[in-house]
Amino acid sequence: MSPERFRAPLVLGNVQATFNGLIENEFLFRMGIYSHLLNTVVMTMISLIFFQMFSHINKYWAMLMVAFVLVHISFEFGMEVLNITAIRIADGSFLESLELLQRQEWTYLFLRMANYGSVGLAIAFWGLWLIPLGILIYKSDFIPSIFGILLVAGGVAYITDSIFFILFPGSGGIFKDLLMVVPSIAEISFIFWLLIKGVSTPKPEVMS
């Protein structure tokens, strides 16, 4: 599931409100950054577990799945660098010579850049990794194929959302909101199935 965490109250078009919100909630924002970095570590481990589970089905698709996860994580780490930079500018640790209004504008800029990267770019690779995962699940004989279909549809939904964000900003409206229901259903149902049912992958034959 695409990671959600505390974000600074980014008020679009209101530099001062965004700056004040970050200052007032700085510790929570720092905690959000740290928890998000831990989340990426866990996600890396999960992708490797999935690789082990599905590589016997199709090693190419399994490798592609892990590659998309790693690209997504690299984006997320980059966005957190921007968020940390925004905090340091806001508290006066960076660009100390700037006046208050200038620090507010620079802080707003870095937060917007981080938001653009997470929403517009990283989410595309979050969708891309779900597609090979869904294909592998569909081809497997130890997980119901319906989850594979749902995850592929969820991946397409994430990619579509990224396309709207980058190519057609401000468009989509309620269609985008309804579209994002698809990956939520796919990911949540698959997670619950794994927690309740679990999987038992077939053991490879041992050559005597």
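Bear in mind the structure is a predicted one, so any value in this text is a computation, not a measurement.

Caption draft 1: The arrangement of the nonpolar core in detail. If you look at the biggest cluster of nonpolar residues, it comprises 25 residues, and the most contacted ones within it are Phe50, Phe54, Trp129, Leu133, Ile137 and Ile143. At the level of secondary structure, the elements contributing two or more residues to this core comprise helix H2 (26-54), helix H3 (59-90), helix H4 (100-139), helix H5 (145-167) and helix H7 (181-196). Per-element tally for this core: the top contributor is H4, with seven residues. Once residues lying within four places of it in the same chain are set aside, the contact partners of Trp129 are Met43, Phe50, Met65, Phe68 and Val69. Formed by 13 residues, the second largest nonpolar core is a distinct cluster that contains Ile89, Ala90, Phe110 and Leu111.

Caption draft 2: Highlighting the environment of Ser171. Topologically, Ser171 is positioned in the loop between H5 and helix H6 (173-179). Remark: the alpha-carbon pair of Ser171 and Asp91, spanning 80 residues in sequence, is separated by 36 Å. When sequence neighbours within four positions are dropped, the list of residues in contact with Ser171 reads Phe164 and Lys176.

Caption draft 3: Highlighting a nonpolar patch on the surface. On the surface, Phe94, Leu95, Trp106, Leu109 and Met113 cluster together to form a nonpolar patch covering roughly 430 Å² of accessible area. Within the secondary structure, Met113 is located in helix H4. Assessed through its relative accessible area of 36%, Met113 is described here as partly exposed.

Caption draft 4: Just the pattern of salt bridges, in detail. Inspection of every chain in the model, using the stated rule, returns two salt bridges. Between Glu26 and Arg30 there is a salt bridge, and its shortest N-O distance comes to 2.9 Å. Taken together, the positions of Glu26 and Arg30, both in helix H2 and four residues apart, correspond to about one turn of that helix. A salt bridge links Asp91 to Arg30; the nearest nitrogen and oxygen atoms lie 3.9 Å apart. Here Asp91, found in the loop between H3 and H4, pairs with Arg30, found in helix H2; they are 61 residues apart in sequence, far enough to count as distant.

Caption draft 5: View of the packing of H5 against H7. Interhelical geometry of H5 versus H7 gives an angle of 140° and a closest axis separation of 8 Å. The two elements H5 and H7 cross, and the hand of that crossing is left-handed. Note on element contacts: H7 touches H5 through Val182, Pro183, Ala186, Glu187, Ser189, Phe190 and Trp193, opposite Phe147, Leu150, Leu151, Ala153, Gly154, Ala157 and Tyr158.

Caption draft 6: Molecular detail of H5. The terminal C-alpha atoms of H5, which comprises 23 residues, lie 33 Å apart, in line with the 33 Å expected from a rise of 1.5 Å per residue. Within the span of H5, buried status applies to Phe147, Gly148, Leu151, Gly154, Gly155, Ala157, Tyr158, Asp161, Ser162 and Phe164. Check the buried side of H5 and you find it contacts H4, H6 and H7.

Caption draft 7: Layout of the packing of aromatic side chains. Under the definition given, this model contains 14 aromatic pairs. Ring centres of Phe50 and Trp129 lie 6.2 Å apart, and the angle between their planes is 25°; on these two criteria the pair is classed as stacked. In this pair, Phe50 sits in helix H2 while Trp129 sits in helix H4, placing the two residues 79 residues apart along the sequence. Phe50 gets classed as buried once you look at its relative accessible area, which sits at 9%. Here Trp126 and Trp129 contribute two aromatic rings whose centre-to-centre distance is 5.9 Å and whose plane-to-plane angle is 65°, an arrangement assigned as edge-to-face.

Caption draft 8: Looking closely at the side chain of Gln104. Structurally, the position occupied by Gln104 is in helix H4. Judged by relative accessible area, which is 8%, Gln104 ranks as buried.

Caption draft 9: Up close: the confidence of the model for the chain. Across the chain, the average pLDDT comes to 86, with 91% of residues at 70 or higher. Segment residues 1-6: pLDDT under 50, and 19 contacts once partners within four positions in sequence are set aside and those in other chains are kept.

Caption draft 10: Structural view of the packing of helix H1 (residues 15-24) against H4. At a closest axis distance of 9 Å, the pairing of H1 and H4 adopts a crossing angle of 80°. Judged by the inter-axis angle, H1 sits roughly perpendicular to H4. On H4, the residues touching Val15, Gln16, Thr18, Phe19 and Leu22 of H1 are Leu100, Arg103, Gln104, Glu105, Thr107, Tyr108 and Leu111. Taken together, the residues of the contact of H1 with H4 break down into six nonpolar, four polar and two charged.

Rules used throughout
Residues numbered from 1 in each chain as written. Predicted model: local features only at pLDDT ≥ 70, side-chain atom pairs only at ≥ 80, totals over all residues. Heavy atoms only, no water. Core = buried A, V, L, I, M, F, W, Y, C linked by side-chain atoms within 4.5 Å. Buried < 20%, exposed > 50% of the residue type's maximum accessible area, 1.4 Å probe, protein only. Helix = DSSP H or I, 4+ residues; strand = E, 2+ residues; numbered from the N terminus. Contact = heavy atoms within 4.5 Å. Patch = residues over 30% accessible without salt bridge, like charges linked within 9 Å, V, L, I, M, F, W, Y side chains within 5 Å. Areas by Shrake-Rupley, 256 points an atom, 1.4 Å probe, with all protein chains shown as cover. Salt bridge = Lys/Arg side-chain N within 4 Å of Asp/Glu carboxyl O. Axes fitted to C-alpha atoms, helices over the stretch in contact; angles between N-to-C directions. Left-handed = near helix turned anticlockwise from the far one by under 90°. Expected span 1.5 Å × (residues − 1). Phe/Tyr/Trp six-rings, centres within 6.5 Å; stacked < 30°, edge-to-face > 60°. pLDDT = per-residue confidence, 0-100. Parallel < 35°, antiparallel > 145°, perpendicular 65-115°, else oblique. Nonpolar A, V, L, I, M, F, W, Y, C, P; charged D, E, K, R; others polar.

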